Amino acid sequence: ITGSGTSSKVTATLPSGESVEVLLYGATVISWKSNGGKAENLWLSEKAALDGSKAVRGGIPVVFPVFGPPPKSGHPTSALPQHGFARTSRWEFLGKATSEDALDAAGSSVKLDFGLYSSNLSPEARTAWPLDFGLVYSVTLSKDSLQTVMNVRNEGDHSFEFQMLLHTYLKVKDISKVSISGLLGVDYVDKVLNATTHKQSDASVTITGEVDRVYASIPQDTTTVLESGTPRFDVVRDNLQDTVVWNPWKEKAAAMGDFSPDIGFTEMVCVEVGAVNGWQKLDKGEVFEGGQTIKSLL
Ligand code: TA6
């Protein structure tokens, strides 16, 4: 651990040079380097707040217990901020585990665990969502992949419902050369087209303007990001059925004070796995686990 207070950060590296950096604030992964540590895979705004003053613009913000703006009223999450409280809470570092696969150095990996409990919440968040819960978020760095998995436990006497999503900002060279496959035939809500529902009719999704789509109930678990036709990332869902594809494009990027450089929208695409189509119900004492493995295919 380096730093102190709300800017505390946990860094882990593999013998072969790969690395991951996680802020305790939001348990936000802010850097993941693969390929011997030469390739940064995540986009991070140059004006991202890394001091705990606001949600990080980039990396992998953790969205829980609600995705997007909460229901206007009458829902337990109605008083929460957009995307919930997980990404703006101070998580605890629970520890590190390394697995040295003696037979194969490429098999070595390091797992970092983070926890967030009702007792960690700000008074505002606790008041807004007074349910007893426990989150354990595991970040596992391997030579060519990063796995991030969330374990949600209902520690109270009442059932509750939640949404979760991993808001991953992937770094790309040039958005005009990016295509996304694995979504053919999937229904999506297009938040740029007044939240109307469409069916993905092309095998590839390309980004030539603002894109904000919630693909739901995707039959197969891998979404691939290609650059100039060559696969760059596989994003594999684990027990999560939905994926959001987002790029703010020029105007929206310029309108975000913490999105920098303005041209940064050409170097990022968000592929966000989650359970956001409807709500996950968790009864007393029940556990839900879901996450992703991102493979760097450089
Ligand atoms: O995941 C896409 C999205 O829901 C967009 O609608 C946009 O709001 C984005 O998240 C960023 O949200 P934020 O609260 O981080 O500015």
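Below is a short write-up of the structure. (Residues numbered from 1 in each chain as written. Predicted model: local features only at pLDDT ≥ 70, side-chain atom pairs only at ≥ 80, totals over all residues. Heavy atoms only, no water.)

1. A look at the sheet that holds strand β3 (residues 28–34)
The four strands lie next to each other as β1-β2-β3-β4, forming an open sheet whose pairing is antiparallel. Strand pairing shows two members of the sheet lacking a second neighbour, β1 (9–13) and β4 (39–40), which therefore form its edges. Pairing analysis gives five bridges linking β1 to strand β2 (residues 19–23), with the strands arranged antiparallel. In the strand pairing of β2, Ala-12 is matched with Val-20. (Pairing = 2+ DSSP bridges. Helix = DSSP H or I, 4+ residues; strand = E, 2+ residues; numbered from the N terminus.)

2. Considering the site of the ligand
For the ligand, the full set of nearby residues is Arg-57, Phe-67, Gln-82, His-83, Arg-87, His-167, Lys-191, Asp-212, Val-244, Trp-246 and Glu-272. Gln-82 is positioned with one of its side-chain polar atoms (N or O) 2.8 Å from an oxygen atom of the ligand. His-83 has a polar side-chain atom sitting 3.1 Å from an oxygen atom of the ligand. Burial of the ligand by the protein amounts to 83% of the accessible area it has alone, namely 380 Å². Cavity membership is defined here by more than half of the atoms lying within 2 Å of grid points; on that basis the ligand lies in the largest pocket. Taken together, the residues of the shell around the ligand sort by class into three nonpolar, three polar and five charged. (Near = heavy atom within 4 Å. Polar contact = N/O pair within 3.5 Å; in protein donor to acceptor, adjacent residues only side chain to side chain. Areas by Shrake-Rupley, 256 points an atom, 1.4 Å probe, with all protein chains shown as cover. 1 Å grid on protein atoms, 1.4 Å probe; cavity = no way out; pocket = protein on both sides within 12 Å on 5 of 7 lines; lining within 4 Å. Sits in = over half its atoms within 2 Å of the grid points. Nonpolar A, V, L, I, M, F, W, Y, C, P; charged D, E, K, R; others polar.)

3. Structural notes on unusual backbone geometry
Residue Pro-65 is reached from Phe-64 by a cis peptide bond, and omega for that bond is 0 degrees. Mapped onto the secondary structure, Pro-65 falls in the loop between β5 (62–63) and β6 (92–99). The linkage connecting Ser-260 with the following residue, Pro-261, adopts the cis geometry, with an omega of 0 degrees. Of note, Pro-261 is situated in the loop between α2 (249–255) and β20 (268–282). The phi angle at His-83 is positive, at roughly 70 degrees, despite the residue not being glycine. Positionally, His-83 belongs in the loop between β5 and β6. Residue Trp-249 is not a glycine yet carries a positive backbone phi of 60 degrees. Looking at where Trp-249 falls in the secondary structure, it is placed in helix α2.

4. Thoughts on the pattern of salt bridges
Side chains bearing opposite charge may pair, as long as their charged atoms lie close to each other. A complete count under the given rule lists 14 salt bridges for this structure. The closest approach of N and O atoms between Glu-18 and Lys-143, which form a salt bridge, is 3.3 Å. Within this pair, whereas Glu-18 is found in the loop between β1 and β2, its partner Lys-143 is found in the loop between β8 (133–142) and β9 (145–154), the two being separated by 125 residues in sequence. The salt bridge involving Lys-177 is made with Asp-174; its shortest N-O contact spans 3.1 Å. Residue class for Lys-177 comes out partly exposed when judged on its relative accessible area of 46%. The exposure class assigned to Asp-174 is partly exposed, which follows from its relative accessible area of 25%. (Salt bridge = Lys/Arg side-chain N within 4 Å of Asp/Glu carboxyl O. Buried < 20%, exposed > 50% of the residue type's maximum accessible area, 1.4 Å probe, protein only.)

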